[in-house]
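Commentary on secondary and tertiary structure
Listed here are the chains, written in short residue letters.
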Amino acid sequence: SLAPLELTLVVAATARDMGIGANGGLPWTGLRKEMAYFARVTKRGDNNAVIMGRKTWDSIPPKFRPLRGRLNVVISRSFASGLPKDPAGGPDASPVEASSLEAALEYLRQKKTAMTSESGSGRVFVIGGAQIYAAALGLAETRRVLLTRVVSDFSCDTFFPLALGTTTEKTADVPKWVQRSRAEHAAWIGEELPEGTQTENGTEYEYQMWERVD
Ligand code: NDP
């Protein structure tokens, strides 16, 4: 279980206060291109995994879950502790059930789907919600955030627990986050990125990539 494992968080959050959710769902609707970007980026390569909290799993319409083409891992305190089992009926039929983020990572290490490589295969993405992002941000494995910064404002009840692009704490033990260039971002995800602010359905947003540099 010494295989390198690197976590990338994927999130869309409001620019004003990092809002990510409202009433158990997304605060916005109709960001079809943004959702397609999420799907492409998390699918590209082989053997990718997406890790999510139980409430985020519940928020996905049943016909769209498990998210296709990716190993889905759901985290709930109601799941059996210890090393998770392989998904019943295969990864397109049911998710892996893990009792903690640490158990999920141990499962992925043992499956060797967590190996990072230059081809980008075997990537592990943490896709929310706020509770699972918070747990991931406490782990050294978390190196990167793919942030869709939603410039238009929405009323939210759930928030990403790290204020990227706002006032940075300067204490030595706070991990430091830097925004990478559009070229670096495009190279990492393996596709070209549109420049500047996108507008869809009246909502403005921008694609960003942040990395931890400590
Ligand atoms: P989460 O999706 O993070 O799920 C929370 C659940 O995860 C808990 O109720 C618990 O499940 C389980 N859990 C949390 N911590 C632990 C732990 N340490 N060990 C074991 N299990 C744990 O819920 P949130 O409410 O934080 O986020 C959901 C909201 O976020 C929704 O509104 C959703 O639409 C939004 N969202 C937005 C995204 C975006 O990019 N804008 C992305 C993803 C979600 P249990 O209760 O079963 O024990």
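Residues numbered from 1 in each chain as written. Predicted model: local features only at pLDDT ≥ 70, side-chain atom pairs only at ≥ 80, totals over all residues. Heavy atoms only, no water.

**Structural notes on the nonpolar core**
Counting 34 residues, the largest nonpolar core has I51, L108, V145 and F160 as the members making the most contacts within it. Listed by contribution, the elements that provide at least two residues to this core are β1 (7-14), β3 (49-53), β4 (71-75), β5 (96-98), α3 (101-111), β6 (124-126), α4 (130-137) and β7 (142-150). (Core = buried A, V, L, I, M, F, W, Y, C linked by side-chain atoms within 4.5 Å. Buried < 20%, exposed > 50% of the residue type's maximum accessible area, 1.4 Å probe, protein only. Helix = DSSP H or I, 4+ residues; strand = E, 2+ residues; numbered from the N terminus.)

**A short note on the layout of surface pockets**
Volume-wise, the largest pocket comes out at about 1,500 Å³. Looking at the lining of the largest pocket, its residues break down into 23 nonpolar, 13 polar and nine charged. (1 Å grid on protein atoms, 1.4 Å probe; cavity = no way out; pocket = protein on both sides within 12 Å on 5 of 7 lines; lining within 4 Å. Points joined across faces, edges and corners; volume = space filled by probe spheres on them. Nonpolar A, V, L, I, M, F, W, Y, C, P; charged D, E, K, R; others polar.)

**Here's the deal with the pairing of β1**
Counting buried residues along β1, eight of its eight residues qualify, which places the element largely inside the surrounding structure. The two faces of β1 match: L7, L9, V11 and A13 on one face and T8, V10, A12 and T14 on the other face are all buried. Direction of pairing for β1 relative to β7: parallel, over a ladder of eight bridges. Considered in β7, the bridge of T8 is made with R144. (Pairing = 2+ DSSP bridges.)

**Quick notes on the environment of L67**
Within the fold, L67 resides in the loop between α2 (54-59) and β4. Judged by its relative accessible area of 13%, L67 is buried. In this structure, the C-alpha to C-alpha distance between L67 and P95, residues 28 residues apart in sequence, is 9.1 Å. Ignoring anything within four residues of it in the chain, the contact list for L67 reads F38, V50, I60, N72 and I127. (Contact = heavy atoms within 4.5 Å.)

**So, the site of the ligand**
Residues in close proximity to the ligand total 26 residues, the closest being A12, R54, T56, S76 and R77. When the free accessible area of the ligand is taken as 940 Å², the share hidden by the protein chains comes to 85%. Comparing atom positions with the cavity grids shows the ligand to sit within the largest pocket. Those elements that provide at least two residues to the shell around the ligand are β1, β2 (19-21), α2 and α4. Per-element accounting of the shell around the ligand gives the leading share, four residues, to α4. The residue inventory of the shell around the ligand, partitioned by class, reads 11 nonpolar, 12 polar and three charged. (Near = heavy atom within 4 Å. Areas by Shrake-Rupley, 256 points an atom, 1.4 Å probe, with all protein chains shown as cover. Sits in = over half its atoms within 2 Å of the grid points.)

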